[in-house]
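# Structure at a glance
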Amino acid sequence: MQIPSPVIDRQPLPTHVAIIMDGNGRWAQARGLPRSAGHHRGAEAVRRAVEGARELGVGYLTLYAFSSENWKRPAAEVDDLMGLLRLYLRRELAELDRNEVRVRFIGERRRLPEDIVQLIDEAEALTERNRGLTLVIALNYGSQLEIVRAAQALACEVARGSLLPEDIDETAFRKRLQTADIPDPDVLIRTSGEQRLSNFLLWQAAYAELVFLDILWPDFGKADLAGAIDEFHRRERRYGAVSS
Ligand code: IPE
Ligand code: IPE
Ligand code: MG
């Protein structure tokens, strides 16, 4: 199914769309429901986002599912979010695989429940050879720690004598990030009206077009994805140069 859109058909698609899925709590609060209800509805929006990205033909979709700071939330809410991820992976994995989706995770495995780590490994292994959409799920992810780990890796190589300090440049650094083989996002969407990155893809989003939407994540649909891509097409990316 083609999503009707005035601009989308005429211009190249962004290779990589990244989304900060925010506003589940406020969605629930506005309805007098517990925050968990917002997270449940948020999982349905994830399905729509993945389907929309597939239908449009986007190469990479990165979803911020749980930040390294989200452990600060009440234990019951954290359990709920982990439970939803479990459910999502168990229910959707076969279908994702059928649709040629390659599933990848970024973030720290440390601190995640054992069975979730197993599910992650399983999902990555099962879909490794798929050549459709690459779905990157950022789970227990924090960009600052990712950058620190890259610096540590470089320092270790220098200490071992396998790398010269003067050979450390942007390319060398980028190769030590968890996203080493993933192109940088072209568009970064955040829902809920909040306008910040909250420790998401700080290095990688250097030249991403930022699209802030006022809608809350559980209300996100395919048309919102197409709308954000339209907005991306209206922007002029200059990368520090002058307009041509
Ligand atoms: C996003 O919605 C889900 C996660 C961060 C995991 P929130 O739970 O942050 O919703 P708000 O921001 O409180 O509305
Ligand atoms: C960012 O949302 C993290 C995810 C969407 C997973 P938060 O709701 O945690 O961010 P802050 O606290 O508003 O910055
Ligand atoms: Mg939030």
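Keep in mind it's a predicted model, so treat the numbers as computed, not measured.

### Section: the site of ligand 1
- Taken together, the residues surrounding ligand 1 are Met21, Asp22, Gly23, Asn24, Gly25, Arg26, Arg35, His39, Ala65, Asn70, Arg73 and Leu81.
- Within the contact set of ligand 1, an oxygen atom lies 2.9 Å away from a side-chain nitrogen or oxygen of Asp22.
- In the environment of ligand 1, an oxygen atom lies 3.1 Å from a nitrogen or oxygen atom belonging to the backbone of Asn24.
- Here ligand 1 has 380 Å² of accessible area as a free molecule, and 86% of this is covered by the chains.
- A molecule is said to occupy a pocket when more than half its atoms come within 2 Å of that pocket's grid points, and by this definition ligand 1 occupies the largest pocket.
- Elements with a contribution of two residues or more to the shell around ligand 1: helix H1 (24–29) and helix H2 (35–56).
- With 3 residues, the top contributor of residues to the shell around ligand 1 is H1.
- Considered class by class, the residues forming the shell around ligand 1 number 3 nonpolar, 5 polar and 4 charged.

### With respect to the sheet that holds strand S3 (residues 102–106)
- Here we have 6 strands laid out as an open sheet, ordered S3-S4-S2-S1-S5-S6, and parallel in their pairing. Pairing within the sheet leaves two strands with one partner each, and these edge strands are S3 and strand S6 (209–212). Going across the sheet, the axis of each strand differs from the next one's by a mean of 20°, ignoring polarity.
- The sheet contact formed by strand S2 (residues 60–67) and strand S4 (residues 134–141) spans 7 bridges and is parallel. Residue pairing in the sheet places Tyr60 in a bridge with Thr134 of S4.
- Of the strands in this sheet, S3 and S4 are in contact with helix H4 (residues 114–127), which crosses S3 at around 140°.

### Regarding the site of ligand 2
- With respect to spatial proximity, the complete set of residues near ligand 2 consists of Ile20, Met21, Asp22, Tyr64, Ala65, Phe66, Ser67, Asn70, Arg73, Arg190, Arg196 and Ser198.
- Asp22 places a polar side-chain atom, nitrogen or oxygen, 3.2 Å from an oxygen atom of ligand 2.
- Arg73 has a polar side-chain atom sitting 3.2 Å from an oxygen atom of ligand 2.
- Under a 2 Å grid-point criterion requiring more than half of the atoms, the pocket assigned to ligand 2 is the largest pocket.
- Among the residues forming the shell around ligand 2, the class breakdown is 5 nonpolar, 3 polar and 4 charged.

### Section: the packing of H2 against helix H7 (residues 222–234)
- Between H2 and H7, the shortest axis-to-axis distance is 8 Å and the interhelical angle comes to 50°. One element, H2, and the other, H7, form an angle in the oblique class. The chirality of how H2 crosses H7 is right-handed. Seen from H2, the contacting residues are Arg48, Ala49, Glu51, Gly52, Ala53, Glu55 and Leu56; seen from H7, they are Lys222, Leu225, Ala226 and Ile229.

### Comments concerning the layout of surface pockets
- Quantified by volume, the largest pocket comes out at close to 720 Å³.
- Lining the largest pocket are 31 residues, with Met21, Tyr64, Ala65, Phe66 and Leu81 positioned closest to its centre.
- Elements with a contribution of two residues or more to the lining of the largest pocket: H1, H2, S2, helix H3 (75–98) and S4.
- Of the residues assigned to the lining of the largest pocket, the class counts are 16 nonpolar, 9 polar and 6 charged.

Analysis parameters
Every chain is numbered on its own, with residues counted from 1 as its sequence reads. Ligands are numbered from 1 and chains lettered from A, in the order in which they are written. Per-residue local features are limited, in this predicted model, to residues with pLDDT of at least 70; the limit for side-chain atom pairs, both in listing and counting, is 80 or more; totals at the level of whole chains, interfaces and linings are taken over all residues. Side-chain measures were taken over the full set of non-hydrogen atoms in the model, leaving aside hydrogen atoms and water. Any residue with a heavy atom positioned within 4 Å of a molecule or strand is treated as near that molecule or strand. Polar contact is defined as a pair of N or O atoms within 3.5 Å, subject to the rule that within protein one atom must be able to donate a hydrogen and the other to accept it, and that residues adjacent in sequence are counted only when both atoms are side-chain atoms. Values of accessible area rely on a 1.4 Å probe in the Shrake-Rupley scheme; residue burial ignores everything except the protein chains shown. Cavities and pockets are found on a 1 Å grid laid over the protein atoms alone: a cavity is a set of points where a 1.4 Å probe fits but cannot escape, a pocket is an open set with protein on both sides within 12 Å along at least five of seven lines, and a lining residue has an atom within 4 Å of such a point. A molecule is counted as occupying a cavity or pocket when more than half of its atoms fall within 2 Å of that pocket's grid points. For the purposes of this entry, the term helix denotes a DSSP run of H or I that reaches at least four residues, the term strand denotes a run of E that reaches at least two, and both are numbered from the N terminus. Residue classes follow a fixed rule: Ala, Val, Leu, Ile, Met, Phe, Trp, Tyr, Cys and Pro count as nonpolar, while Asp, Glu, Lys and Arg count as charged, and any other residue, Gly among them, counts as polar. One requirement defines pairing of two strands: DSSP has to find at least two bridges between them. Where helices are involved, their axes are fitted lines through C-alpha atoms of the stretch in contact, as for all axes, and angles between N-to-C directions lie from 0 to 180°. Here a residue-residue contact requires only that any non-hydrogen atoms of the pair lie within 4.5 Å. Roughly parallel refers to an angle under 35 degrees, roughly antiparallel to one over 145, roughly perpendicular to one between 65 and 115, and oblique to any angle outside these ranges. Handedness of a helix crossing follows the sense of rotation of the near helix relative to the far helix, less than a right angle counterclockwise being left-handed and clockwise being right-handed. Grid points are joined across faces, edges and corners, and a volume is the space filled by probe spheres set on the points.

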